[in-house]
Amino acid sequence: MSLDSRIPSGPLADKWEKHKFEMKLVNPANKRKYDVIVVGSGLAGASASASLAELGYNVKCFCFQDSPRRAHSIAAQGGINAAKNYQNDGDSVYRLFYDTVKGGDYRSREANVHRLAQVSVNIIDQCAAQGVPFARDYGGMLTNRSFGGAQVSRTFYARGQTGQQLLIGAYSALSRQIGLGRVEMHTRSEMLELVVQDGKARGIIVRDLVTGEMTAHSAHAVVLATGGYGNVYYLSTNAMGCNVTAAYRAHKKGAYFANPCYTQIHPTCIPVSGDYQSKLTLMSESLRNDGRVWVPKKKGDERKPSDIPEEDRDYYLERKYPSFGNLVPRDIASRNAKEVCDEGRGVGPGGLGVYLDFGASIERLGKKVVEDRYDNLFQMYERITGDDPYKVPMRIYPAVHYTMGGLWVDYNLMSNLDGLFVIGEANFSDHGANRLGASALMQGLADGYFVLPYTIGDYLAKLGWDDKISTDDASFKTAEGEVKERQNKFLTINGSRTADSFHKELGKIMWDKCGMARNKAGLEEAIQKIPELREEFWKNLKVPGSGQVTNQELEKAGRVADFLEFGELMCRDALHREESCGGHFREEHQTPEGEAKRDDEKFTYVGAWEYKGDNATPQLHKEELDYEEVKLTQRSYK
């Protein structure tokens, strides 16, 4: 089945403005008659909740953290893209659009990406008005830095705390609406089921993580802003609470999951130091502005970096990609780091690391300038590793970071289920097979502040305010019963293994077989092993305690159960896509130089999977991607 993305007609640059005029509006007085549920309070969720409430809708916002301010968006470091062209270096809306499509290896939807580039310029004004302390130059004007995949400086930043500062801005807008009574905030609440009736999203079932109480919530529309699924790998840069449950519950209720194999491996993370770790730490891509990546030229060179002279160093990104150098996109930087380590030229314990060296920049700019740009990042690195980056190079290695796949949505950000909208990292729509750095914050805020408030109104106006069902309806009772039965099953298996132990084993399978590189044999092996592990999970899981109290082991069990199903879907998607593109690197499909080799004739489409049952093979649906503005070419950063 071919999916209808509902892209407006007309020239690309005019589609969004034309669409905004053609969409139906809800009368301001009538907005008070509509209820909207928003799940998630990160940049996408908080901005959407605040914006919808400001318009007059009744909003319920849910998050599993103890405060909306603890959403994982707070961990973003380096910056947010916008086509302001303050540097007068040739940037434009079209160039941001082009860079994003090219960076995604020509696997994204043109219309969505162009809209993202258009509204990016408004985001900065919005956030600056909220008091977000963006970096400024000596004269007080907003300044920019460079990020990978671009030859212009378009990234606005607040030292290495950009996500935190942007989230505080969105949180302040959300808090205002909470204070006015327009947003009903539910913290420490986890969505465990989507309620669907007659093909429409009608509400959700949530569990209070403190008391264990189950409650049902009905609305005219449900918005998922629940982030990505990188924690399927166990070790990732995501917060440990990040999971796929909300999106996967929606998937099992009929929402298509698009491109689940597209995962981003971030090149600048602190290497693994032991099997006791439960997560990894990201070091911002912005560090590649002034840090130079290198390894020794000779295998097994164990000299201190200060003892290795310039002639014995291989600045491999600068050597292989002279046009972009250290600022190549993340997928390319990651694969090259893996390549030199596989050759035996890696540094540090186990040889799994490369140097990120600031010596030349400190000598050229002075320590004070480098300190002003990156000091909190340098402090974080020193606290974790014990090494001072001002004196010795950082050691970095790729790690799972962002997921480009997500629930399928049309141009209005609505899934194939009417009334279910998906925004931010939880949808698939903007980044193709690889996300350019500093574009996640841009997409989350674009969706929440400037896209969803228009498109959800079109749906609600057509729906009518009387089309809402009570939580006493049979569909809610059935969904709540399913959730309680599932929770009870976790508690009564009474096996001998923790959820964490299963998660760790799954993560190793996923990293080894569906990680930075994939091949047919490995993916087929994973598709065989994951169901076996899942079967043991349901026979040998141990969850102590009860469901009527705070029980983090019970929370983990539910999330790992979903990962054990979702991991198999990821591998199936990676197996069916017989090409390499962006973060999806199939070893069988590469150029003689080791670059990703696409098959545009067969795979220029979005692969959206439909759930067909617990023991059934999911069904693939395709959304063909038409490139009218950008010519499909072999991606090159040389």
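Just above, that's the structure.
In this text the structure is predicted, and so the values were computed from the model without any measurement.

Draft legend 1. Broad picture of the packing of aromatic side chains. According to the stated counting rule, one finds 27 aromatic pairs in the structure shown. A ring pair is formed by Trp-16 and Tyr-454, whose centres lie 5.8 Å apart and whose planes are at 85°; its orientation type is edge-to-face. A residue pair is termed long-range when its members are at least 10 positions apart, and Trp-16 in helix H1 (residues 15-22) and Tyr-454 in helix H11 (residues 440-463) qualify at 438 residues. The exposure class assigned to Trp-16 is buried, which follows from its relative accessible area of 2%. Judged by relative accessible area, which is 39%, Tyr-454 ranks as partly exposed. Relative to Phe-257, the ring of Tyr-229 has its centre 5.7 Å away and its plane inclined at 70°; by these criteria the two rings are edge-to-face. Here Tyr-229 is found in the loop between strand S9 (221-224) and helix H6 (245-252), whereas its partner Phe-257 is found in strand S10 (residues 257-258), with 28 residues between them in sequence. Its relative accessible area of 2% is what places Tyr-229 among the buried residues. Accessibility expressed as a relative area gives 1% for Phe-257, which makes it buried.

Draft legend 2. Representation of the state of the cysteines within the structure. What the rule picks out here adds up to zero disulfides. With no disulfide of its own, Cys-514 lies 4.3 Å from the sulfur of Cys-571, the closest cysteine sulfur. Judged by its relative accessible area of 0%, Cys-514 is buried.

Draft legend 3. Focus on the sheet that holds strand S13 (residues 313-314). Reading across the sheet, the five strands line up as S11-S15-S14-S12-S13 and stay open at both edges, with antiparallel pairing between neighbours. Single-partner strands in this sheet number two, and they are strand S11 (263-269) and S13. Sheet topology places strand S12 (residues 292-296) next to strand S14 (residues 354-357); three bridges connect them, and they run antiparallel. Paired with Arg-292 across the two strands is Asp-357, which belongs to S14. Sheet strands touched by helix H8 (residues 330-342): S11, S12, S14 and strand S15 (394-403). Its angle to S11, the strand with the most contacts, is close to 65°.

Draft legend 4. Layout of the side chain of Thr-100. Within the secondary structure, Thr-100 sits in helix H3 (residues 93-103). In this structure Thr-100 comes out as buried when scored by relative accessible area, which is 5%. Residues within four places of Thr-100 in sequence aside, it is in contact with Val-113, Asp-430 and Leu-436.

Criteria and thresholds
Residues numbered from 1 in each chain as written. Predicted model: local features only at pLDDT ≥ 70, side-chain atom pairs only at ≥ 80, totals over all residues. Heavy atoms only, no water. Phe/Tyr/Trp six-rings, centres within 6.5 Å; stacked < 30°, edge-to-face > 60°. Helix = DSSP H or I, 4+ residues; strand = E, 2+ residues; numbered from the N terminus. Buried < 20%, exposed > 50% of the residue type's maximum accessible area, 1.4 Å probe, protein only. Disulfide = S-S within 2.5 Å. Pairing = 2+ DSSP bridges. Contact = heavy atoms within 4.5 Å. Axes fitted to C-alpha atoms, helices over the stretch in contact; angles between N-to-C directions.

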